[in-house]
Amino acid sequence: MLTIKYKRTMAYKGYNRPNVPRDPTNEEFVLSFTLDEVESGSAGSFFEEFGFVVIRDVLSKEEIEASVDDVWSYLESGAWRNTMFSNKSNPVANKFWSEDNRKGPDRNIPHQWDACWPNMENEGILGAPPVFTKQAFLNRQNPNVIKVFTKLLNTNKLIVNIDRYGLFRPTINVDLFGDGTVFKNKPMWETDPNLHLDVNPWEYYAEVAEPPKSIDYARAFPSKLSHLPTFCEEHNATGHSSAPGNQIRLQALLNFIDNREQDGGFQLVPGFHKHLEQWAHRTRDTLGKYKRFGSFNVLPSSDPIHQYAERITMPAGSLLVWDIRLPHGSKPNHSDRPRMAQFLKYFPAPPKGTFKQRKEIVEAKLEQSGIGDDLTATGRKLFGLEDYDD
Ligand SMILES: O=C(O)CCC(=O)C(=O)O
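From a predicted model like this one, the values you see are computed outputs, not experimental measurements. The numbers attached to residues start from 1 for each chain and follow its sequence in the written order. It should be noted that, the model being predicted, local features are given only for residues of pLDDT at least 70 and side-chain atom pairs only at 80 or more, the latter also being counted only at that level, while totals for whole chains, interfaces and linings use all residues. Side-chain descriptors were evaluated using all non-hydrogen atoms of the structure, hydrogens and water having been removed beforehand.

**Looking at the pairing of strand E8 (residues 194-197)**
Along a regular strand, successive side chains alternate from one face of the sheet to the other.
Okay, so step 1: Exposure categories follow from relative accessible area, calculated using a 1.4 Å probe and restricted to protein chains: below 20% of the type maximum is buried, above 50% is exposed, and the middle band is partly exposed. Put simply, DSSP marks the helices as runs of H or I at least four residues long and the strands as runs of E at least two long, and each gets a number from the N terminus on. Side chains Asn 194 and His 196 project from E8 onto one buried face, and the interleaved Leu 195 and Leu 197 project onto a second face that is buried too.
Okay, so step 2: The rule for pairing is simple: two strands pair if DSSP sees at least two bridges between them. As judged from the three bridges shared by E8 and strand E14 (residues 328-331), these two strands associate in the antiparallel manner. Residue pairing in the sheet places Leu 195 in a bridge with Gly 329 of E14.
Okay, so step 3: Examined bridge by bridge, E8 and strand E11 (residues 297-298) share two bridges and lie antiparallel to one another.

Structure representation (structure tokens):
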């Protein structure tokens, strides 16, 4: 027992945890940067040091309101159900399909949130499928968001992945019927605390680089317009650190409601991007032995790494970007306020023609979303509908 503990602690020898500065104007939040500070490079210097950065005022008040409304509407629509129950044209699904069983719970009646809630509730994610709503697409093509990624990735030829929404239910003083009559604490709505890596560190830092795997976007589902979880994972199949586009890999979220410590939400291990390589070598024959082939690696709750994690709190409308090499995850909600976010990943465009299958699916989903003329020329490239010029 003692030996294992010693070995695990050794894995963090040489890791120097930097102290994350607080916002001098509001101690509830960590230090954040403006879009001008992204331009000037000061946000980038912070990012290099800490492995993450919060950019505030990326979304306008109207965009925040529209996004909050869209997360609730998405919950209510039931569009997060998997294809068996949401795809009318599938003969098996047809047997079960009806307008009634397709709906989700009412945003104003938390009493309904027990019996009917999207899966992945332990993670605070609204169901497994990626989100294809108009507002989610608009946020993905938001010029301010693109500005940040263009600067941090040093290229304007970007692709965005199609990811999900996060919604942590409030757990304190919940107004069950939305009419001020019955209030309950709901500890069972707390999400599981977790730290993980969306990359396989042992593969990323392998002595011999293996070629990256190709992705089947319509994997295992009868209709190419159905469930499609692969979209959320595409950025994780990184392969080796020396592969093209792998020198820096970013993940991000847009935060829609002021997020304080007690609201639960994102946490990370600051500065760990500088230590991951060492850690991967040290843990290759212990942790790595069991998790070798996965690109999603949860760090055991007994691992001392949890003591180094920090909640990243921030105002509504902020964009948080982190390096894929940071162990990260979330902590549960302990307040009367929900936590809401949209997850995003941008990456340099791969060679022309890589996205034939992906393009067909995204094109159909964009049309279904009703984005119409609001799809921008940049959006068409970001979503992979059109190639970038050489
Ligand atoms: O913010 C969260 O709830 C966790 C997000 C996360 O772990 C991820 O996007 O990989």
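Past the structure itself, the notes keep going.
**Some details on the site of the ligand**
Okay, so step 1: Contacts to the ligand come from Phe 168, His 196, Asp 198, Gln 251, Leu 253, Phe 266, Trp 322, His 328, Gly 329, Ser 330, Arg 339 and Phe 343.
Okay, so step 2: One of the side-chain nitrogen or oxygen atoms of Gln 251 is found 3.4 Å away from an oxygen atom of the ligand.
Okay, so step 3: Here a polar contact is taken to be a pair of N or O atoms separated by no more than 3.5 Å, where protein atoms must pair a possible hydrogen donor with a possible acceptor and residues adjacent in sequence count only if both atoms sit in side chains. A distance of 2.9 Å separates an oxygen atom of the ligand from a polar side-chain atom of His 328.
Okay, so step 4: The Shrake-Rupley method, run with a 1.4 Å probe, gives the accessible areas here. Residue values count only the displayed protein chains as cover. Considering the ligand on its own, with 300 Å² of exposed area, one finds that the protein chains cover 88% of that surface.
Okay, so step 5: Secondary structure elements with two or more residues in the shell around the ligand: strand E9 (250-255), E14 and strand E15 (339-344). Residues are labelled near a given molecule or strand when at least one of their non-hydrogen atoms is within 4 Å of it.

**A few points about the pattern of salt bridges**
Okay, so step 1: In the sections that follow, a salt bridge refers to a side-chain nitrogen of Lys or Arg positioned within 4 Å of a carboxyl oxygen of Asp or Glu. Tallying each qualifying case throughout the model produces 15 salt bridges.
Okay, so step 2: Two residues, Glu 49 and Lys 274, come together in a salt bridge whose shortest N-O distance is 3.3 Å. In this pair, Glu 49 sits in helix H3 (residues 42-50) while Lys 274 sits in the loop between strand E10 (265-268) and helix H12 (276-283), placing the two residues 225 residues apart along the sequence.
Okay, so step 3: Given a relative accessible area of 38%, Glu 49 falls into the partly exposed group.
Okay, so step 4: Residue Lys 274 is classed as exposed on the basis of its relative accessible area, which comes to 55%.
Okay, so step 5: A salt bridge links Arg 337 to Asp 263; its shortest N-O distance comes to 3.8 Å. Of this pair, Arg 337 sits in the loop between E14 and E15 while Asp 263 sits in the loop between E9 and E10, and the two are 74 residues apart along the sequence.
Okay, so step 6: Overall, Arg 337 belongs to the partly exposed group, its relative accessible area being 26%.

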